[in-house]
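Residue-level structural notes
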Amino acid sequence: MLMAGKTFYSCACFVTDNIFLEDYKAHVRYQNEQQFKRDYEVFLGDKGCTTEQQFSSLLAKIQKEVERRRLLNQQSIDRKKTILKSYKPLHRDVYVLQV
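This text gives an overview of the structure that appears in the document. (Residues numbered from 1 in each chain as written. Predicted model: local features only at pLDDT ≥ 70, side-chain atom pairs only at ≥ 80, totals over all residues. Heavy atoms only, no water.)

**Topic: a nonpolar patch on the surface**
Heads up, the condition is: To count toward a patch, a residue needs a relative accessible area above 30% and no salt bridge. Like charges then connect within 9 Å, nonpolar side chains (Val, Leu, Ile, Met, Phe, Trp, Tyr) within 5 Å. In short, Shrake-Rupley with a 1.4 Å probe defines the accessible areas, and a residue's cover is counted only from the protein chains shown. The working definition used for a salt bridge is a side-chain nitrogen of Lys or Arg within 4 Å of a carboxyl oxygen of Asp or Glu. Strands are runs of DSSP state E lasting at least two residues, helices are runs of H or I lasting at least four, and both sets are numbered from the N terminus onward. Note on classification: 1.4 Å probe, protein chains only; a residue is buried when its accessible area is under 20% of the maximum for its type, exposed when over 50%, partly exposed between these limits.
On the surface, Ile83, Tyr87, Val94 and Tyr95 cluster together to form a nonpolar patch covering roughly 470 Å² of accessible area. With respect to the element layout, Tyr87 can be found in the segment after helix H3 (52-86). Given the relative accessible area of 46%, Tyr87 is considered partly exposed.

As C-alpha cells, this is what we get:
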C-alpha cells in the first residue's frame, strides 16, 4: 500500500495465524473452512466443542476476526487521510522547530 510516497507491508500470516480462541484457550491458524476442519476438528472436540452448532459458531467468530484483520491496513490509511484532511492545529507555533 502506498501513502505519501511510503510503502507499507504486512505479513499475510497476520491475517490467518495466531487466532486465539478464548473459549478453548488455544491459538489456531485459519486459511479456509476445509483446512480448519481438517486441522482442528478433533482437537476442538477434545476441548469441548462437540456439537455442529458450537463448531459453526466458532467458525463464524474466526471468520469475523480474519476479516477484521484483513481490513486493518485500509482502515488505518482511511483514518490517516481523515485526520490529515480535517485536523487544524490550535497553536501552529508549536509545530515549528526553533534552531
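**Re the packing of helix H2 (residues 33-46) against H3**
Inclusion rule: With axes taken as lines fitted to C-alpha atoms, and helix axes fitted only over the stretch in contact, angles between N-to-C directions fall between 0 and 180 degrees. Each angle gets one of four labels, with under 35 degrees taken as roughly parallel, over 145 as roughly antiparallel, 65 to 115 as roughly perpendicular, and the rest as oblique. With the far helix as reference, a near helix turned anticlockwise by less than a right angle produces a left-handed crossing, and one turned clockwise produces a right-handed crossing. Any two residues having at least one pair of non-hydrogen atoms within 4.5 Å are treated as being in contact. When residues are grouped by polarity, Ala, Val, Leu, Ile, Met, Phe, Trp, Tyr, Cys and Pro land in nonpolar, Asp, Glu, Lys and Arg in charged, and all others, Gly among them, in polar.
One can describe the packing of H2 onto H3 by two numbers: an axis separation of 12 Å at closest approach and a directional angle of 130°. As summarised for this structure, H2 and H3 are arranged oblique, according to the angle between their axes. Seen along the crossing, H2 lies across H3 with a hand that is right-handed. In this structure, H2 uses Glu33, Phe36, Lys37, Glu41 and Leu44 to contact H3, whose residues at the interface are Glu52, Phe55, Leu58, Leu59, Ile62 and Gln63. Looking at the contact of H2 with H3, its residues break down into six nonpolar, one polar and four charged.

**Considering unusual backbone geometry**
Unlike most non-glycine residues, Asn18 shows phi in positive territory, near 60°. Residue position: Asn18 is located in the loop between helix H1 (13-16) and strand S3 (19-21).

**Focus on the pattern of salt bridges**
Taken as a whole and judged by the stated rule, the model has seven salt bridges. The salt bridge involving Arg38 is made with Asp39; its shortest N-O contact spans 3.4 Å. On the basis of relative accessibility, which here comes to 60%, the residue Arg38 falls in the exposed class. A single salt-bridge network, built from bridges that share partners, covers Glu65, Arg68 and Arg69.

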